[in-house]
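# Summary of the model geometry
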Amino acid sequence: MSDPGPIYRPTEEGIEESVLRWLSGIPTLPDALQWTPWNPDSGEGGAKLDEETGREKSEVVYWDILREQLVQINEEVTEGNVGKLLNVLRRQMSHDGLMAGNKAVHRLLLEGQDFEASHNNGTTKRVYARLIDFTDPSKNRFDAVSQMRVVRGHSVRPDITLLVNGLPVVQMELKSEAQDNDYADAISDLQTYEGQVPRFFYPSLLNVAADTREFRYGGVGASEKFYFPWSKAPEQFRVEGNPMKQATYALLNPVTLLDILQGYVFYERKEGGDAKIVPRHMQYYATRRILGRIQDGADDPENAKKRGLIWHTQGSGKSYTMLFAAKLLLERQPIPNPQVFILVDTDKLARQMADNLAAIGFERYEVCRKIAHLQEVIEKGKSQLVLTTMHAFEDVDPGVQSNPNVVVMADEAHRFMEKELGSRLRAALPDAWNFGFTGTPVHEGYSETARNTFREYCPDGEDPLHHYSIREGQKDGVIVPVHFKLRHEAEWSVDEAAMDEAFEDEFAGRPKDEKLRIIRESLTQSELGELEPRIDTYAELVAEHYRKKVEPNGWKGMVVAPSRKSAAMYGERLQELRGDPGDVRVLYTSGDEDPTLIRQFSTDADERSTITQDFDDEEQPKLLVVYGMLLTGFDAPNLKTMYLDRRLTDHTLLQAIARTNRPAEGKTNGEIVDFQGTFANLDDALHYDSDVVEHAAQSEEKLFEKFEKQLDAVFSLFEGIEKTNTQEAMQEALARVSKHPERREFKQGYKRLQDLYESVSPDKRLMEPEVQDPYGWLSGIWVAFSRTEGREEDPEENVREKTLGIVEEHVDVGKVKEDFPIYKIGEEHLGAIENQEPAAKASSIAATTKAHLRPKIGENPRYERLSERVEEVLSQWQSGHIGDPEAVDALEELEREAMEVDEEAEEKGFSGAEYAAFAYLHDECDLAEGEAQRVSEVLCEALGEEVDTSYSGWWTNTDARRKIKVKIYQTLSGAETPGDLDLMTAGSELRDYLIASYVDDPHR
């Protein structure tokens, strides 16, 4: 077979072009709801739009566009008064802090702005103006702009900015596997931009980070773990085989974006600052289904279906789905003045939800904790959100519903089939819409007495109104997979003294192992769980397993006991084994009549709340022992392992499994250690379809198989290379992973491998040479790779806890540091890598030169152009358009050019700001060298004399920026400048370079 040639891999510019093309042709939407792309051949659509509209780079809004649109969408805003409105809006856009600014401007986008408008007859009138037309989206203007640059002390330039009426509502950063970046790098860049120029993000709804394989979005200010995929789409936006294109269509179409902007945003007050909440795709589409069903019923009452089931896996955010739905029901009113109930199944969850409502500033809600209060609220029928528990309906009088438009959303909906709660609810609210939310529906049959969530909430045998499965949650990264380990047959001794006389009389002559079998078969779960020898054995197993496998990576554990007595016994023994009583806390309810053993761990509701909060946030406790608590509604991402000593089935088992499936950094999976044998036959324990059973929990053997498969995949990248720790072998290995696809496969593959090793360890199979040797060798390559490519001084400090032992045993870190030093650009660096493989050499030059140029981008046009040329060469090399030798030559030339630029600045004695001004004046404005040097010195001297730079943020001060610009105009006007020099453009751009370089000048 002939060589097909190099495989094309999209560059970042290519991805940018693709996304802009998708945005300008979204299926089924009219032209008025398509984005107008700004992406000229020069690569900076923002520069072209700036030229057409006169935007200065210090501005984050295209004010000329907004001016036109304000007049277009507001009858009382005219050309005569819009200027005054814009002045008001400019002031309203000024805030301190990313989240404070984003929250304030979000409210401005929703509510509009009023102002005193003057009329021709000399009178004034207070006029209200909308910034965005949510009623008729087609009246708005939609622009998709590539490389919109904003300079405010720092220079930032997202790949694509989506503008609605000139306001930036989405920032997109796009990465390419051909240039050694992925969506995580894109998130990091967006977070950097947010920190450097927060004002740019004040109007933003959300950010998008994507690469050639993944699409993630998150609210402004979100950490990486809160960037999620948008993996579902309505029929008109589905694209087979291209999830990135589908997500662009489904999420970023103007109709959906404006819908989310108007109705699906909360700001949650938290310690350390507010957090912006935007919906995940399952929350958004489920909410739309609920509102759609109610709207359909309102339009056709005779055929209304007044029930629906939302089946979303545990951990997918059902609480916020209910809050989004409640908010929109009250705001959009598909039925007039609705009274909306959210019902939870415990007082604890009611308190949590009440705290959440307060934290997000939900308007118009009331919490009913007492039956009398609830009945009074139902009788009054006020249109608001009512939060209560399902048990509060036990004694509410029938037929008290006064508001004809009641909507009930019940969390853990299967609980309504207990104690006739559903009948009580229907009697009190006979004409209500009822929507059930559950991650664990009950399906015990179809008889009238059988509990069946589907029968209760799915009219006419329909499917759930919306379903989001365990498998989908794991694929999206909303939850992690859970693996189980059977320990139910652990050996424990029968304590003869612990057996009662009747038992001894009956079985005195039997062997000890037969006595044990009889005990296991004849005692109840609680009786068996309370046998002291068994508790001692399993407590020791818990302590050892936790110490070796869970604690080293900072995770926590939970013991689920079969009774309060056994929980107390576990608590005593584990506190003794841990040596620190603070490490272990025991949770259950108890009273004065209970024996001392149980009373010793007595806690009230407030104490239990504090303990669970500390478990989630603090170092202690590390282990919780529970009976009858925390198996629902308890979300602690740091809970890695559950020690299950209670026999559970069906929805209660699913709920228990879900306690360990919350994602956290470095957490590959949750874990169940099964002391009861529940998982020995999961089909008998979980009466759900095969998809649920298969993905609810898998054997720990599956986890080891995943590790073995991943080890083979990463190790195979180095086929044909001698597996030694010599410098020559390591250099050859680094050359192998210097370009794609091997580079990406190693970076991501080793990280995944390390996470799996941490999850599997300790396991005696990991000690075998066939695992230790390849994993140890790969760890050495990782340390060298992190130094040469990641430029980490001490990469061994960043490996996970258990892998660190492998590194210490198999890697001579000191020798690696000696063999692979971290160089700055210069002849010493070029000489040191002279004899390396061409691929490794090119990679080293690129990494070193990029590290040198990166902090200078936006501060000096010469460094900026050099950086762009480095990226261009890398793109050509990584995509196979040029070979290794050509890449080395081109990159070496660029490193030397960077050295020459530094040398010129030093020779001329320039400060950073002086050199930035000189480079711009000489290169961009064609001033002669001597004149450019003179003018740059004059400008920097004037900047220091005329502008107060003693306070942080001076560079965003309007007066300071005006003074600098005026001085630039004055100086250029008197200088020997070319006749065709555009003073306005040159003044704005030179000011931005001058300020950015001045702010970051270490010699100032």
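That block above? That's the structure.
The present account deals with the structure reproduced in this document.

Reading guide: rules and limits
Residues numbered from 1 in each chain as written. Predicted model: local features only at pLDDT ≥ 70, side-chain atom pairs only at ≥ 80, totals over all residues. Heavy atoms only, no water. Phe/Tyr/Trp six-rings, centres within 6.5 Å; stacked < 30°, edge-to-face > 60°. Helix = DSSP H or I, 4+ residues; strand = E, 2+ residues; numbered from the N terminus. Buried < 20%, exposed > 50% of the residue type's maximum accessible area, 1.4 Å probe, protein only. Pairing = 2+ DSSP bridges. Axes fitted to C-alpha atoms, helices over the stretch in contact; angles between N-to-C directions. Arc of directions from axis to C-beta. Contact = heavy atoms within 4.5 Å. Core = buried A, V, L, I, M, F, W, Y, C linked by side-chain atoms within 4.5 Å. 1 Å grid on protein atoms, 1.4 Å probe; cavity = no way out; pocket = protein on both sides within 12 Å on 5 of 7 lines; lining within 4 Å. Points joined across faces, edges and corners; volume = space filled by probe spheres on them. Nonpolar A, V, L, I, M, F, W, Y, C, P; charged D, E, K, R; others polar.

## What to know about the packing of aromatic side chains
Tallying each qualifying case throughout the model produces 35 aromatic pairs. With a centroid separation of 4.5 Å and an interplanar angle of 25 degrees, the aromatic rings of Y757 and Y775 are classed as stacked. With a gap of 18 residues between them, Y757 in helix α28 (residues 742–760) and Y775 in helix α29 (residues 769–788) connect regions that are remote in the sequence. Accessibility expressed as a relative area gives 0% for Y775, which makes it buried.

## Some remarks on the sheet that holds strand β8 (residues 167–174)
Read across the sheet, 6 strands follow the order β1-β4-β7-β8-β9-β10 without closing on themselves; strand pairing throughout is mixed. Lying at the two open borders of the sheet, with one neighbouring strand each, are β1 (36–38) and β10 (215–219). Strand-to-strand twist across the sheet, computed as the mean angle between neighbouring axes with direction ignored, equals 20 degrees. Pairing between β1 and strand β4 (residues 142–146): 3 bridges, direction parallel.

## Examining helix α3 (residues 63–73)
Taken as a whole, α3 has its buried residues at W63, I65, L66, Q69, L70 and I73. All buried residues of α3 fall inside an arc of 150 degrees around its axis, so they share one side. Tucked into the core, α3 has its buried residues touching α2 (45–53), α4 (82–92), β4 and β8.

## Considerations on the nonpolar core
Grouped together as the largest cluster of nonpolar side chains are 184 residues, with contacts concentrated most on F215, W230, L252, F341, F393 and L429. Top contributing element to this core by residue count: helix α10 (residues 318–332), with 9 residues. Setting aside residues no more than four positions away along its own chain, F341 makes contact with L374, I378, L385, V386, F393, V406, V407, V408, M409 and L429. Listed in part, the 54 residues of the second largest apolar core include L874, A913, Y920 and Y998.

## Topic: the environment of V799
Mapped onto the fold, V799 is located in the loop between α29 and α30 (801–810). Separated by 41 residues in the primary sequence, V799 and A840 place their C-alpha atoms 23 Å from one another. With residues up to four places along the chain from it excluded, the contact list for V799 reads Q754, W782, L804 and V807.

## Remarks on the environment of T453
Here T453 is to be found in helix α14 (residues 453–457). Separated by 134 residues in the primary sequence, T453 and S319 place their C-alpha atoms 19 Å from one another.

## Considerations on empty space enclosed by the protein
Taken as a whole, this structure holds 7 cavities of 30 Å³ or more when the rule is applied. Volume-wise, the largest cavity comes out at about 100 Å³. Together, 15 residues line the largest cavity, and T313, I470, L654, A658 and N661 are the ones closest to its centre. Secondary-structure elements contributing two or more residues to the lining of the largest cavity are α15 (470–476), α23 (650–658) and α25 (690–696). It is α23 that provides the largest number of residues to the lining of the largest cavity, a total of 3 residues. Per-class residue counts for the lining of the largest cavity are 8 nonpolar, 7 polar and no charged.

## Considerations on the sheet that holds strand β17 (residues 406–411)
If you trace the 7 strands from one edge of the open sheet to the other, you get β15-β16-β14-β17-β18-β13-β19, paired in parallel fashion. Unpaired on one side and paired on the other, β15 (365–367) and β19 (466–468) mark the two borders of the sheet. Mean inter-strand twist for the sheet, computed between neighbouring axes without regard to direction, equals 15 degrees. In this structure, β15 lies alongside strand β16 (residues 385–389), joined through 3 bridges in parallel fashion. In the sheet register, E366 faces β16, and the bridge partner there is V386.

## A closer look at unusual backbone geometry
With an omega dihedral of 0 degrees, the bond running from Q620 to P621 counts as a cis peptide bond. On the secondary structure map, P621 appears in the loop between α22 (605–617) and β23 (623–626). The amide bond that connects S761 to the next residue, P762, takes the cis arrangement and shows omega of -5 degrees. One non-glycine residue, D460, lies in the positive phi region at around 60 degrees. Looking at where D460 falls in the secondary structure, it is placed in the loop between α14 and β19. On the basis of relative accessibility, which here comes to 72%, the residue D460 falls in the exposed class.

From the geometry alone we can't say anything about function, so treat these as descriptive.
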